[in-house]
Amino acid sequence: MVRVATWNVNSLRVRLPQVLDWLRAQAPDLVGLQETKVPDEAFPREELEALGYHAAHAGQAGYNGVALLSRTPPRQVWCDLPGEEDGGRRLVAATYGEGVRALRVVNVYVPNGERVGSDKYRLKLRWLEALEAWLRNELTRHPRLVVLGDFNVAPADEDVHDPLVWTGRIMCSGPERERFRRLLALGLCDTYRLFPQEGSPFTWWDYRMRAFQRDLGLRIDHILASAPLCERCTACRIDRGPRALPRPSDHAPVIAEFQ
DNA sequence: ATGTCTCAGGGACTGAGA
């Protein structure tokens, strides 16, 4: 069994004590982190190694940054989305294990897009199109593929606390959802929706307006899996615990299990 | 209430990004 997680930590340096506590408590085999906001030379490698985790990090100062933490060492590490390198460090991929059991994991931090119609929105749509093209090739080489991260897209109205308020807005607009569906159409499943789920499905709550306490959230963090892995997926859940701590990230982790 | 949090720059606070 392998447990795979994704968590946008909104600064790995600020959140490191929470991340270390969470790794000790949940003991996932693989974790994709987003918004590490730390350059590679300042990555907290020793603290994570002390807990038994290897790291593949694509970081920068101030913004963005993604990392893959793993119990087994990463192989075939790839950083950045071809053609979109100027948009910040937003993609890291690696292979774990050997032979037919090898697992390929792609960790993404999709651009936020600011607001529908903005330059950043157009860049977000283009980034998602480039990701689709790159993943199509990745799937031909790695049948056991997991694509996880902060997609900044709520795929459907049931992933939104108030669909009327959010209709057509950033993270919920038709073009963003259409790009997300195209990723699924490559042959990936949304592991959270493989199972009946209890409670609200949100993974992100705005820091403002006491949104978490009022459960005004969106489901924008996802763990997608290729068909051979979907058949072996036994659970996917959201861990709201870290979001309720003092000084939390605005995102909660998502964890999927594969047999 | 554009209502919170993080970071860079510069050395207190402002602006950007989310």
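Everything discussed here concerns the structure shown above.
What you see is a predicted model; the values in this text were computed from it and never measured.

Chemist: How do you make sense of the overall build of chain A when you look at a structure like this?
Modeler: Along its length, chain A carries six helices and 14 strands. Over its C-alpha atoms chain A spans a radius of gyration of 17 Å, differing by no more than 12% from the 18 Å that the globule rule assigns to 259 residues. Overall, chain A is about 45 × 40 × 40 Å in size when its C-alpha atoms are taken along their principal axes. The long-range share in chain A, meaning contacts at least 24 apart out of those at least 6 apart in sequence, stands at 68%. When the accessible surface of chain A is summed, it comes to about 11,200 Å², and 52% of that surface belongs to carbon and sulfur atoms. Placing the 35 positive and 34 negative side-chain charges of chain A at their respective mean positions leaves the two points 1 Å apart.

Chemist: Quick question: what am I supposed to make of the sheet that holds strand β9 (residues 188-190) here?
Modeler: Paired through their backbone hydrogen bonds, the strands of a sheet run either parallel or antiparallel. Within the open sheet, the six strands sit side by side as β5-β6-β7-β8-β12-β9. Their pairing is mixed. In this open sheet, the two edge strands, each paired with only one partner strand, are β5 (75-79) and β9. Taking each pair of neighbouring strands and ignoring which way they run, the sheet shows an average axis angle of 20 degrees. Relative to strand β6 (residues 91-96), β5 runs antiparallel, the two sharing three bridges.

Chemist: Can you help me understand the sheet that holds strand β1 (residues 2-8) in this one?
Modeler: The six strands are arranged β3-β4-β2-β1-β14-β13 in an open sheet whose pairing can be described as mixed. Two strands in the sheet have a free side with no partner beyond their single neighbour: β3 (54-58) and β13 (233-238). When the angles between neighbouring strand axes are averaged without regard to direction, this sheet yields 15 degrees. Alignment of β1 against strand β2 (residues 30-34), held across five bridges, turns out to be parallel.

Chemist: Teacher, can you tell me more about the state of the cysteines here?
Modeler: In protein chemistry, a disulfide is the covalent bond that joins the sulfur atoms of two cysteines. By the definition in use, this model includes one disulfide. Disulfide pairing is shown between Cys189 and Cys230; the S-S distance is 1.5 Å. Disulfide Cys189 to Cys230: torsion about the S-S bond roughly -90 degrees, handedness left-handed. One end of the pair, Cys189, is in strand β9; the other, Cys230, is in helix α6 (residues 227-230), with 41 residues separating them in the sequence. Cys233 takes part in no disulfide bond, and the closest cysteine sulfur to it belongs to Cys236, at a distance of 6.3 Å. For Cys236, a relative accessible area of 5% translates into the label buried.

Chemist: Quick question: what am I supposed to make of the protein's contact with DNA strand B here?
Modeler: The immediate surroundings of DNA strand B are formed by 16 residues, with Ser11, Arg15, Gly62, Tyr207 and Arg247 found nearest. Among atoms of DNA strand B positioned within 4 Å of the protein, sugar and phosphate together represent 83%. Taking Ser11, its side chain carries an N or O atom lying 2.4 Å from a phosphate oxygen of DNA strand B. Here Arg247 contributes a side-chain N or O atom positioned 2.9 Å from a phosphate oxygen of DNA strand B. Here the residues of the surface near DNA strand B sort into five nonpolar, four polar and seven charged.

Each value, and the rule that gives it
Numbers given for residues are sequential positions, taken from 1 along each chain in its written order. Each chain takes a letter, starting from A, and each ligand takes a number, starting from 1, following the order in which they are written. Predicted model: local features are reported for residues with pLDDT of at least 70 only, side-chain atom pairs are reported and counted for 80 or more only, and whole-chain, interface and lining totals are derived from all residues. Hydrogens are left out, water is left out, and the side-chain values use all remaining heavy atoms of the structure. The numbering of helices and of strands both runs from the N terminus, where a helix is a DSSP run of H or I of at least 4 residues and a strand a run of E of at least 2. As a reference, a globule follows 2.2 Å times the number of residues to the power 0.38, and the radius of gyration itself is taken over C-alpha atoms. Here, residues are in contact when the closest pair of their heavy atoms is within 4.5 Å. Shrake-Rupley sampling with a 1.4 Å probe provides the accessible areas, and residues are treated as covered by the protein chains on show and by no other component. Under the convention used here, Asp and Glu are negative, Lys and Arg are positive, and both His and the chain ends fall outside the count. By convention, the charge on Lys lies at NZ, on Arg at CZ, on Asp at CG and on Glu at CD. Two strands pair under a simple rule: DSSP has to find at least two bridges between them. Angles run from 0 to 180 degrees between N-to-C directions of axes, and those axes are lines fitted to C-alpha atoms, restricted for helices to the stretch in contact. Our working definition of a disulfide is a cysteine sulfur pair at a distance within 2.5 Å. For every residue, the accessible area obtained with a 1.4 Å probe (protein chains only) is divided by the maximum for its type, and the residue is called buried under 20%, exposed over 50%, and partly exposed between those limits. Here a residue is considered near a molecule or strand provided that any single heavy atom belonging to it is located within 4 Å of it. Residues adjacent in sequence count toward polar contacts only when both atoms are side-chain atoms; beyond that, a polar contact is any pair of N or O atoms within 3.5 Å, and within protein one must be able to donate a hydrogen and the other to accept it. Residue polarity is assigned by list, with Asp, Glu, Lys and Arg as charged and Ala, Val, Leu, Ile, Met, Phe, Trp, Tyr, Cys and Pro as nonpolar; anything else, Gly included, falls into the polar class.

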